[in-house]
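# Structure assessment
These are the residues of each chain, in order.
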Amino acid sequence: QVQLVESGGGLVQAGGSLRLSCAASGSIFSINAMGWYRQAPGKQRELVAAITSGGSTNYADSVKGRFTISRDNAKNTVYLQMNSLKPEYTAVYYCNAAAQAMGVMHFDTYWGQGTQVTVSS
């Protein structure tokens with residue numbers, strides 16, 4: 001099995017910055033894409049940013065130019081640098097990974113427990 005643990009959330013004023021981290025651990029054979037999603041109260045979970053094992057990235061239009069996703073493959077860790085934060089970015093942020101566990105012949109999707117990001121106005 002693969003576990004994802006997020007860290008780095010918190011309370012920040014509008015215009016501030018936060019850096020989220022997500023470390024994958026467990027019986028990992030391979031990790032393909034990793035990403036960040038968020039879910040605000042009363043709204044559906046949405047993709048924020050994703051990155052492939054080769055480093056190709058994809059961002060939601062609402063965060064382009066403000067957020068940067070990166071990963072350290074040696075550490076099985078993905079990061080989300082969030083700058084110029086807005087109150088509407090307040091949500092629970094979830095880490096996501098497509099990973100292949102040891103002894104398993106396919107990739108599964110794994111989720112972290114989520115970390116709260118609150119941006120005050």
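For the structure, see preceding data.
Because the structure is a prediction, the values reported are computed rather than measured.

### A closer look at the sheet that holds strand β1 (residues 2–7)
Reading across from one edge, β1-β3-β8-β7 is the order of the 4 strands in this open sheet, with antiparallel pairing throughout. Each having just a single partner strand, β1 and β7 (67–72) make up the two edges of the open sheet. Each strand axis lies, on average, 15° off the axis of its neighbour in the sheet, ignoring direction. Where strand β3 (residues 18–26) lies against strand β8 (residues 77–82), 6 bridges are found, and the strand directions are antiparallel. Note on β8: the bridge partner recorded for S21 is Y79.

### What to know about the packing of aromatic side chains
Counted according to the given criterion, the structure contains 2 aromatic pairs. Centroid distance F67 to Y89: 5.2 Å. Interplanar angle 65°. Geometry classified as edge-to-face. With a gap of 22 residues between them, F67 in strand β7 and Y89 in the loop between β8 and β9 (91–101) connect regions that are remote in the sequence. Taking relative accessible area as the criterion, F67 reaches 3% and is therefore assigned buried. Sitting over the ring of Y79, R19 keeps its end group 4.1 Å from the ring centre. Taking the ring centre of W111 as reference, the NZ or CZ of R45 above it sits at 4.7 Å.

### Some remarks on unusual backbone geometry
Positive phi is not limited to glycine here, since N76 has a value of about 50°. By the secondary structure assignment, N76 is in the loop between β7 and β8. Of note in the backbone geometry, S84 takes a positive phi value of approximately 50° without being a glycine. Inspection of the secondary structure puts S84 in the loop between β8 and β9. On the accessibility criterion, S84 (36% relative accessible area) is partly exposed.

### Topic: the environment of S7
Summarising the element assignment, S7 is placed in strand β1. Note on S7: relative accessible area 40%, which makes it partly exposed. For S7 and R45, which are 38 residues apart along the polypeptide, the C-alpha to C-alpha distance reads 19 Å. Excluding anything up to four places from it in sequence, S7 contacts R19, L20 and S21.

Criteria and cut-off values
- Residues numbered from 1 in each chain as written.
- Predicted model: local features only at pLDDT ≥ 70, side-chain atom pairs only at ≥ 80, totals over all residues.
- Heavy atoms only, no water.
- Pairing = 2+ DSSP bridges.
- Helix = DSSP H or I, 4+ residues; strand = E, 2+ residues; numbered from the N terminus.
- Axes fitted to C-alpha atoms, helices over the stretch in contact; angles between N-to-C directions.
- Phe/Tyr/Trp six-rings, centres within 6.5 Å; stacked < 30°, edge-to-face > 60°.
- Buried < 20%, exposed > 50% of the residue type's maximum accessible area, 1.4 Å probe, protein only.
- Lys NZ or Arg CZ within 6 Å of the ring centre and 35° of its normal.
- Contact = heavy atoms within 4.5 Å.

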